[in-house]
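Examination of the molecular architecture
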Amino acid sequence: MNKKSLIFLILFSVISQGYAQNNFEWFDETIAFEERVDALIKEMTIAEKCGQFLSASPKIERLGIPEYNWWNEALHGVARNGKATIFPQGIAMGATFNPSLIKQVASAISDEGRAKFQVSKSIGNRGMYAGLTYWSPNINIFRDPRWGRGQETYGEDPFLTSKIGVAFVEGLQGDNPKYFKSTACAKHFAVHSGPEALRHSFNASPSKLDLNETYLPAFEALVKEGNVQGIMGAYNAVYGEPVNSSKFLLDDILKKEWGFNGYIVSDCGALGDIYQGHKRAKTAEEAAALALLAGVNLNCGWIYNNLTKALDQGLITEELIDERLKKLFLIRFKLGFFDKEESNPYNLIGTEVINSKKNKELARTVAQQSIVLLKNDNNTLPLDKNIKSLYVTGPFAASTDILLANYYGMSPNMVTVLEGVSEKISLGTSLEYRLGVLPFQKNLNPLNWAPKVAKTTDATILVVGISNEIEGEEVDAIASENKGDRKDLRLPQSQIEYIKEISENKVGPLILVLGTGSPVSLEEIEPLVDAIVLMWYPGEQGGNAVADVLFGDVAPSGHLPITFPKNVAQLPPFDSYSMTGRTYKYMTKEPMYPFGFGLSYAKTKFNNASASTAALKRKQSVHITVDVKNTGAMKLQEVVQAYLVPLDIADYLPMYSLKAFKRIELNGGETKKIQFNLSADDFMQINQEGVKSWMKGNYKIIFSNALPSKRSQDLGAAIPVEISIKLK
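So, here's what we can say about the structure. All values reported here derive from a predicted model rather than from experimental measurement. Within each chain, residues carry numbers counting from 1 in the order of the written sequence. Local features in this predicted model are restricted to residues of pLDDT 70 or higher, and side-chain atom pairs are both shown and tallied only at a pLDDT of 80 or more, whereas totals for entire chains, interfaces and linings draw on every residue. No hydrogens and no water enter the side-chain calculation; it runs on all heavy atoms of the structure.

Once that is clear, we can look at the overall build of the protein chain. Under the DSSP-based scheme used, a helix requires at least four consecutive residues in state H or I and a strand at least two consecutive residues in state E, with every element numbered from the N terminus. Each helix and strand in the protein chain was counted, giving 21 helices and 24 strands. If you line up the protein chain on its principal axes, its C-alpha atoms span 90 × 70 × 50 Å. The buried share of the protein chain, taken over its 728 residues, is 62%. Areas reported here follow the Shrake-Rupley algorithm with a probe of radius 1.4 Å; residue values treat only the protein chains shown as occluding. Summing over all exposed atoms, the protein chain offers an accessible surface of approximately 27300 Å²; the carbon and sulfur share of this is 50%. Note that His is not counted, nor are the chain ends; the positive residues are Lys and Arg, and the negative ones are Asp and Glu. Charge positions are represented by NZ for Lys, CZ for Arg, CG for Asp and CD for Glu. Here the protein chain contributes 78 positive and 80 negative side-chain charges, whose respective centroids are spaced 3 Å apart. Each residue is assigned to one of three classes by its accessible area relative to the maximum for its type, calculated with a 1.4 Å probe on protein chains only: buried under 20%, partly exposed between the two thresholds, exposed over 50%.

Given below as structure tokens:
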């Protein structure tokens, strides 16, 4: 055969194959997705079917099925896939108390993801982190501040977590009636929040009250309100059964009770834990069967390599394989993978959106709104941009690591605190910088001039904190001695000593800027400094946002989404999943900083609280209003919070429950009337059997800008106002 004939045959084969694929029934866009998937699965062999249950799903060339890797991350930006906008970490998103803003963030992330997906396909990259099935957000409840992955969450409150989480899902998945822009995945279902070292064998047995009042509501909200398309099963067991083999969690609750119709994926390696960690199965085949029977569609790991053997052993049926596989292909079809490029409008999103000016500005806005002012003695802040001399120091002043958190992308536009401050101040200001101290250990050189520089400047900005090297996932936090968790809540001793040295030498005010993803014990440090600015892990524009706040271009408006205890001694045992003594709802000890707390550069006053009725019957709703006034001259944004407080009801109920919140903007001297509409469901309480109940009796609704406690007022929060409500 000559060369021309060979080329002709190759071309004919390629064209014929493409023609055949385009004529397969599952490529017919006039047919409903369900029918197309059924037609596809009908043509697959058992071996082909079983191969599609792994997160790295191979191509099936004869059927026109391309290779696809399900594993991708988008916690606070497209992660681990090159250039992308790095937004503030999840805990910082929670601190904004601004779901509409977070929806914009997630929409920007999915825009970038869509554009990157098109480019990845064009260069033949269909591997890990190149797809559109994002395993985000993390909506676990940050029940214990020692948990290293708590930084990924939206805080300790199920209501706040639900509102931010639903908004994030809506932004990721888009609003097209036919296609998903990308898909979100709520993790880690369920009752999962450390310790990291025990997660592969740990069994959580919360009370029915705690399960339904604390651990499940955010997942339920994302399923019912957000239409989230993915759920990730956690590593741990619940009530003695590994989550990924739990029919109680995955079938009874998730599917039957809540109506979940998406796909369930195991956390990576978690199916192996069914028999290696939890000893629930004796073989890999048994573990695979238990997971498939419970409802797990996709295995991040290797256990589902044994599905064919499990079928041969009679542990599962081909009908079950088809049922579980159908959910996976429905996701891929609804993402548009089997339709013409021009059919899906999301394919028109161009690469110009990736790390665009608009997205960088959005990252800066989110960081601004997340920054929490914890202390501001004698109106130390804002600083004057024309300050004559300024000293910036500390282990993270010039660090980009403190911006990143975990699960991050790459950006050429990262702005450190030092850079942000340098850009903000007058060109005539004498600015000096020194690292001063190593972040996690004592300086090796006993000589150090850095503390003495504070004697020579009008103010000192000291940037301290921890980082993803100290707190994070068990396999990533390389500076942690506790597999990513924290043994206590203090800063590294080297930093504490440096703060003391600076405090002893300063002549001007000392402003502490704190980078962290979790509560830090500040009782030893707070008396030594004049102001404390909590910046979290603020993303690529963090330095600019911090400078915006320090110098008064933007008033601080973040509020704590988690309680800051005074010290670790105030906490219950880390491995206890009882909520007794935990979070603002059940903690009886006085914290360092309460949930919802955050100062600004002006004072807020609450007045004229009222309700449309003082007595509420089942199935009734109530409108509650309050006047909120900015008593200062500077424009500010405030977070109005409404808490339900039971008075003479069962003693096991939460002391406080956040029921509504709203971020508002107030000009100097301006007053706004804020209204919330509460339904009867908002007043339902969880009884000790885990059931929502209408509990008659007397309650208060309290308006405030922090947890309405004496501690909040002592720290400078507004005086709360309240309404009496009787449930009949």
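The next thing to look at is the pattern of salt bridges. The salt bridge definition used is simple: a Lys or Arg side-chain nitrogen within 4 Å of an Asp or Glu carboxyl oxygen. Evaluated as defined, the whole model comprises 42 salt bridges. Across the pair Arg-280 and Glu-241 runs a salt bridge whose closest N-O atoms are separated by 2.9 Å. Separated by 39 residues along the polypeptide, Arg-280 in the loop between helix H10 (270-276) and helix H11 (284-294) and Glu-241 in strand S7 (residues 241-242) bring together distant segments of the chain. The exposure class assigned to Glu-241 is buried, which follows from its relative accessible area of 17%. A salt bridge links Asp-548 to Arg-364, with the nearest nitrogen and oxygen atoms 2.8 Å apart. Placement of the pair is Asp-548 in helix H19 (residues 542-550) and Arg-364 in helix H14 (residues 357-370), with a sequence separation of 184 residues. In this structure Asp-548 comes out as buried when scored by relative accessible area, which is 3%. Put simply, Arg-149, Glu-152, Glu-196, Arg-199, Glu-473 and Glu-474 are held in one network by salt bridges that share partners.

On to unusual backbone geometry. For the bond running from Ser-136 to Pro-137, omega is 10°, close enough to zero to count as cis. Locating Pro-137 in the fold gives a position in the loop between helix H5 (99-122) and helix H6 (158-173). The omega torsion of the bond from Lys-187 to His-188 falls at -5°, within 30 degrees of zero and hence cis. Structurally, the position occupied by His-188 is in strand S3 (residues 185-189).

So, on to the state of the cysteines. What counts as a disulfide here is a pair of cysteine sulfur atoms lying within 2.5 Å. On inspection of all chains with the given rule, the structure shows 1 disulfide. The disulfide partner of Cys-268 is Cys-300, and the S-S distance across this bridge is 2.1 Å. In this structure, the disulfide formed by Cys-268 and Cys-300 twists by about 85° around the S-S bond and is classed as right-handed. With a gap of 32 residues between them, Cys-268 in the loop between strand S8 (263-266) and H10 and Cys-300 in the loop between H11 and helix H12 (307-312) connect regions that are remote in the sequence. By relative accessible area, which is 4% here, Cys-300 ends up buried. Not part of a disulfide, Cys-50 finds its nearest cysteine sulfur in Cys-300, a span of 18 Å. When its relative accessible area of 5% is taken as the criterion, Cys-50 is described as buried. Cys-268 provides the cysteine sulfur closest to Cys-185, a residue in no disulfide bond, and the two sulfurs are 10 Å apart.

To continue, consider the packing of H5 against H6. Packed helices, taken two at a time, are described by their axes: the angle between them and the distance between them. Across the interface, H5 lies against H6 with an axial gap of 7 Å and an inter-helix angle of 30°. Looking at the two axes, H5 sits roughly parallel to H6. Our pair here, H5 against H6, has a crossing hand that is right-handed. Across the interface between the two elements, Pro-99, Ile-102, Lys-103, Ala-106, Ser-107, Ile-109 and Ser-110 from H5 touch Lys-163, Ile-164, Ala-167, Phe-168, Glu-170, Gly-171 and Leu-172 from H6. Axis definition: a line fitted to C-alpha atoms, limited for helices to the stretch in contact. Angles are taken between N-to-C directions and run from 0 to 180 degrees. When an angle is under 35 degrees it counts as roughly parallel; over 145 it counts as roughly antiparallel; between 65 and 115 it counts as roughly perpendicular; any other value is oblique. Crossing handedness follows the turn of the near helix against the far one: under a right angle anticlockwise gives a left-handed crossing, and clockwise gives a right-handed one. Whether two residues touch is decided by their heavy atoms; if any such pair falls within 4.5 Å, the residues are in contact.

Moving on to the environment of Asn-448. Looking at where Asn-448 falls in the secondary structure, it is placed in the loop between strand S11 (430-434) and helix H17 (450-453). A C-alpha to C-alpha distance of 8.7 Å links Asn-448 and Val-437, two positions 11 residues apart in sequence. Sequence-distant contacts of Asn-448, defined by excluding residues within four places in its chain, comprise Gly-436, Asn-443 and Tyr-498. In protein, a polar contact means a hydrogen-donor-capable atom and an acceptor-capable atom, both N or O and within 3.5 Å, with residues adjacent in sequence counting only if both atoms are side-chain atoms; elsewhere, any N or O pair within 3.5 Å suffices. Polar side-chain contacts of Asn-448 include one of 3.1 Å to the backbone nitrogen of Ala-450.

What follows covers helix H16 (residues 417-424). Note on helix geometry: an α-helix contains 3.6 residues per turn, so any two residues three or four positions apart are oriented the same way. Within H16, burial applies to Val-417, Leu-418, Gly-420, Val-421 and Lys-424. Take H16 and look down its axis: the buried residues cluster within an arc of 165°, on one side only. Looking at the buried residues of H16, the elements they touch are H14, strand S10 (389-393), S11, strand S12 (460-465) and H19. When we speak of the arc, we mean the arc of directions from the helix axis to the C-beta atoms.

The term nonpolar core refers to a set of buried residues drawn from Ala, Val, Leu, Ile, Met, Phe, Trp, Tyr and Cys, joined through side-chain atoms within 4.5 Å. With 129 residues, the main nonpolar core has Trp-135, Phe-189, Tyr-304 and Phe-329 as its most contacted residues. In this structure Tyr-304 touches Cys-50, Phe-53, Leu-54, Leu-271, Ala-288, Ala-291, Leu-292, Val-296, Asn-297, Leu-298 and Asn-299, once residues within four positions along its chain are discounted. Ala-95, Phe-551, Val-721 and Ile-723 belong to the second-largest nonpolar core, a separate cluster that totals 106 residues.

With 7 of 9 residues buried, strand S17 (residues 622-630) is to be regarded as a mostly interior element. Whether two strands pair comes down to DSSP finding at least two bridges between them. Relative to strand S20 (residues 671-678), S17 runs antiparallel, the two sharing 8 bridges. Bridged to Lys-629 within S20 is Thr-671.

Let us look at the packing of aromatic side chains. Within 6.5 Å between ring centres, the rings of Phe, Tyr and Trp (the latter by its six-membered ring) count as paired, and their orientation is classed by plane angle as stacked under 30 degrees, edge-to-face over 60, tilted in between. What the rule picks out here adds up to 31 aromatic pairs. Ring centres 4.5 Å apart and planes at 20° place the aromatic pair Phe-24 and Trp-26 in the stacked group. An aromatic cluster of three or more residues is present, and its members are Phe-24, Trp-26, Phe-27, Phe-33, Tyr-179, Phe-329, Phe-333 and Phe-338. Stacked on the ring of Tyr-577, the Lys or Arg Arg-143 has its end atom at 3.8 Å from the ring centre. When the NZ atom of lysine or the CZ atom of arginine is within 6 Å of a ring's centre and also within 35 degrees of its normal, the charge is said to sit over that ring. Directly above the aromatic system of Tyr-407 lies the positively charged group of Lys-187, at a separation of 5.0 Å from the ring centroid.

Function cannot be inferred from these measures alone, as they are strictly geometric.
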